[in-house]
Amino acid sequence: VGLGRRSSLIAEARAEGSNSLLFDNGDFLQGTPLTEYWARVRGLAEGETHPVIAAMNALDYDAVTPGNHEFNYGLDFMHRAVAGARFPLVCANALIAPPGTANPPRTLLPPWVVLERDYLDQTGSRHRLRIGVIGFLPPQTAAWDVALLDGQLWTTEIVETARASLPALRAAGVDLVIALAHTGIAPTPPGGSGEAPAEHAALPLAALDGIDVLLCGHSHLCFPGPGNPASPGIDPARGTLHGKPAMNPGRWGSHLGVMDLRLDLTPEGWRLTDFTTELRPACTPAPGGHCLPRLPEAPAILQINTAAHTETLRYIRRDVGHLSVPLHSYFSLVAPDAGLALVAQAQAAHVARCLAGRPEARLPLLSAAAPFKCGGRGGPNFFLDLAPGPLRMSHISDLYVFPNTVAALEVTGAELADWLERSAGVFAQITPGRSDQPLLDPDFPCYNFDVITGLSYEIDLSQPARFTPEGLLNAPQARRIVNLRHDGRPVQADQRFIVATNNYRSSGAGHFAGTQRPDLDLGPALSLHQALVTLAKQQTSLTPAPQPIWRFRLMPATSAVFETSPRALAHLGAHPDLRIEPLRLDDTGFQ
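Residues numbered from 1 in each chain as written. Predicted model: local features only at pLDDT ≥ 70, side-chain atom pairs only at ≥ 80, totals over all residues. Heavy atoms only, no water.

Once that is clear, we can look at the sheet that holds strand β19 (residues 365–369). Strand order in the open sheet formed by four strands is β22-β28-β19-β24, and the pairing between neighbours is mixed. Each edge of the sheet is formed by a strand with only one pairing partner; in this case those strands are β22 (406–412) and β24 (451–453). Between one strand axis and the next, the sheet turns by 30 degrees as a mean value, whatever way the strands run. Against the sheet, helix α13 (residues 413–423) touches β19, β22, β24 and β28 (496–502), its axis set at about 120 degrees to β22. (Pairing = 2+ DSSP bridges. Helix = DSSP H or I, 4+ residues; strand = E, 2+ residues; numbered from the N terminus. Axes fitted to C-alpha atoms, helices over the stretch in contact; angles between N-to-C directions. Contact = heavy atoms within 4.5 Å.)

All right, on to the nonpolar core then. Counting residues in each nonpolar core, the largest one holds 120 residues, and the members touching the most others are Met56, Phe427, Leu455, Tyr457, Ile459 and Trp550. Ranked by the residues each element gives to this core, the list is headed by helix α11 (residues 338–355), at seven residues. What Tyr457 contacts, discounting residues up to four positions off in sequence, is Leu420, Asp450, Val451, Ile452, Ile481, Val482, Asn483, Leu484, Ile549, Trp550 and Arg551. In this structure, Ala181, Ile185, Ala201 and Ala246 belong to the second largest nonpolar core, which totals 26 residues. (Core = buried A, V, L, I, M, F, W, Y, C linked by side-chain atoms within 4.5 Å. Buried < 20%, exposed > 50% of the residue type's maximum accessible area, 1.4 Å probe, protein only.)

Our focus in this paragraph is the side chain of Asn57. By the element assignment, Asn57 lies in helix α3 (residues 51–59). Judged by relative accessible area, Asn57 falls into the buried class, the value being 9%. Asn57 has contacts with Thr49, Gly84, Ala85, Arg86 and Phe87, leaving out every residue within four places of it along the chain.

What follows covers the pairing of β19. If a strand is regular, its side chains alternate between the two faces of the sheet. Of all the five residues making up β19, four are buried; the element is thus mostly covered by neighbouring parts of the structure. The sheet contact formed by β19 and β28 spans three bridges and is parallel. Across the sheet, the residue bridging to Leu366 is Val499, located in β28. For β19 and β24, the ladder comprises three bridges, and the chain directions are antiparallel. Residue pairing for β24: Ala368 is matched across the bridge by Ile452.

Here we come to α3. Counting buried positions along α3 yields seven of nine residues, so the element is predominantly enclosed. Looking only at α3, the buried set comprises Pro51, Val52, Ile53, Ala55, Met56, Asn57 and Leu59. Just downstream of α3 lies Asp60, where phi reads positive at about 60 degrees.

Turning our eyes to something else, we now look at the packing of aromatic side chains. For the structure shown, the criterion picks out 17 aromatic pairs. Taken together, the aromatic side chains of Phe427, Phe449, Trp550 and Phe552 make up a single cluster linked through ring pairs. The aromatic ring of Phe275 is capped on one face by Arg238, whose charged end is 3.9 Å from the ring centroid. Looking at Arg251, its charged tip hangs above the ring of Trp252, at a distance of 4.7 Å from the centre. (Phe/Tyr/Trp six-rings, centres within 6.5 Å; stacked < 30°, edge-to-face > 60°. Lys NZ or Arg CZ within 6 Å of the ring centre and 35° of its normal.)

Attention now goes to the pattern of salt bridges. Under the counting rule described, the total for this entry stands at 27 salt bridges. Put simply, Arg117 and Asp62 hold a salt bridge, and the shortest N to O gap is 2.8 Å. With Arg117 in strand β4 (residues 112–120) and Asp62 in the loop between α3 and β2 (63–64), the pair connects residues that are 55 residues apart, well separated along the chain. Of the charged contacts in the structure, one is a salt bridge between Arg128 and Asp118, with a shortest N-O distance of 2.9 Å. Residue Arg128 is located in strand β5 (residues 126–136), and its partner Asp118 is located in strand β4; the two are separated by ten residues in the primary sequence. Judged by relative accessible area, Asp118 falls into the partly exposed class, the value being 36%. Each of Glu116, Asp118, Arg128 and Arg130 takes part in one network of salt bridges that share partners. (Salt bridge = Lys/Arg side-chain N within 4 Å of Asp/Glu carboxyl O.)

Close contact between helix α1 (residues 3–14) and α3 brings their axes to 11 Å; oriented N to C, the two are set at 10 degrees. In this view, α1 runs roughly parallel relative to α3, as classed from their interaxial angle. The segment α1 lies against α3, with Leu3, Ser7, Ile10 and Arg14 engaging Ala55, Met56 and Leu59. For the contact of α1 with α3, the class distribution of residues is five nonpolar, one polar and one charged. (Parallel < 35°, antiparallel > 145°, perpendicular 65-115°, else oblique. Nonpolar A, V, L, I, M, F, W, Y, C, P; charged D, E, K, R; others polar.)

With that settled, the discussion passes to the state of the cysteines. Using the criterion set out here, one finds zero disulfides in the structure. The cysteine Cys222 is free of any disulfide, with Cys283 supplying the nearest cysteine sulfur at 11 Å. Judged by its relative accessible area of 26%, Cys222 is partly exposed. (Disulfide = S-S within 2.5 Å.)

Summarising the element assignment, Thr155 is placed in strand β6 (residues 154–155). With relative accessibility at 17%, the residue Thr155 sits in the buried group. Polar contacts involving the side chain of Thr155 include one to the main-chain carbonyl oxygen of Pro139, which spans 2.4 Å. For Thr155, the contacting residues outside a window of four places in its chain are Asn93, Ala94, Pro99, Leu137, Pro138, Pro139, Thr141 and Ala142. (Polar contact = N/O pair within 3.5 Å; in protein donor to acceptor, adjacent residues only side chain to side chain.)

So, about the environment of Asp319. With respect to the element layout, Asp319 can be found in strand β17 (residues 319–323). Asp319 sits 114 residues away from Leu205 along the chain, and the two C-alpha atoms are 48 Å apart. Setting aside anything within four residues of it in sequence, one finds Asp319 in contact with Pro390, Leu391 and Arg392. In this structure the side chain of Asp319 is engaged in a polar contact, spanning 3.3 Å, whose partner is the side chain of Arg392.

Across twelve bridges, strand β13 (residues 255–266) lies against strand β14 (residues 269–281) in antiparallel orientation. Across the sheet, residue Leu263 finds its bridge partner in β14, namely Leu272. Hairpin remark: β13 followed by β14, antiparallel, with two residues in the connecting loop.

Written as structure tokens, this is what we have:
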């Protein structure tokens, strides 16, 4: 994966025709050790070109829109990073003044751009086309990084912003409108109003007049493709949303989306009359869950960032401590996990230091952490696997892949119970007495499976999930969390606790109970990476172990099946209290 290999796919596609445009729709400034190092450690000087922007300049993009992760390091860094871009950036629903205070709204970036291009038709005649490109990002962006963006960035709903913006864009005399929509493709909820959840708004966006093409993102899914079920308005085989061509080309540069558009000149102007959509993978599956690259990485792109790459490697190969036990995430969705215990310990240690001497320090301190690398859309090799030995910065990034900071909330016992009910939605409902039922809900992301250290509880999978994968109340009478205890005593609804967590969760992301109120003041923000480094340096050797926090409530004569990596076979003895039996290797490389 990655931009270097995708660059070869771009060159291959460009060679197939003389008329082409290249777009990117976000999440390019965060996600790798290089981008983390440049933002948090090394910094970016005024006038210096960010390594990712340098590579994108070399690829000659026509237009780009930011995603939510462009804002993980604050507006100042984002501005300095994109200042070196030699391509236009657009976004219609990110504002630098509160909505309603200016007309037209004061957008962070131009809401749209009109590209004028001379293209050849099938007879060799040249025509000038005016192509409108408008950008959108998830409206939750400002909330997810509220500690960095409060009072600096506001966002508006995608569909309502598009509805207000498209008339002006069309009035500019464009022949085609392309939406760079950093938002996912989700079916209309049963009984819904037709509006998809605001975070995944591509389907209602496509229903608007004035948009011809949608390039989607954010959800890491591949569209078109067989992994998307057909539903009203969504055709995963043809690659359309409400009949309009649409793509969502994976994640991490795993695919290049290629869309061929046929335009015909009519008395009313150019009209889009036919199209094909295709996702071209950077690699092809091989036995054992491995991938074989289709094309080599582009040497020119690698050369541009040789110095930056070398500098980043020097940083992430630094020893920060020692690990005396293996850490892996092969079973983190079926049993308590040592890696999560380590993250929870680092969070709690920082919160305890910050609250020392304050009234909140008298309340029980808990810590919530979720696994990030559990296969799923990342494939059978997307798991944590650290061997005992020197602990390096690269291992810290592997253990905790996001740039989150430590946060803390004061919650009630009732909110804790619903917090855990939300987490337990990762599991499918299991019928007692049946064999080999699917254990996991494929629509539930593992990063929302919070395990709360300091509690003990059972999960009763005979019950339906209380909440949907999106966090909406689904079964008000259902309760999967049973025997919820703290210090051996039942948790009371009105008891109060402090929960150490991360800023993503405390901002309300995932719609967890208790996250709707302001965080506790912990002083200057501390990244989870630094919290883990601090913990590692304080101990001669880290020896995290799974804590007896949760277990499935027993169901006699019942079994369930889950997918993990083939490498899990070497760790079957890690959970002797569970009877785990390996089955076959499936066609995608999962065990």
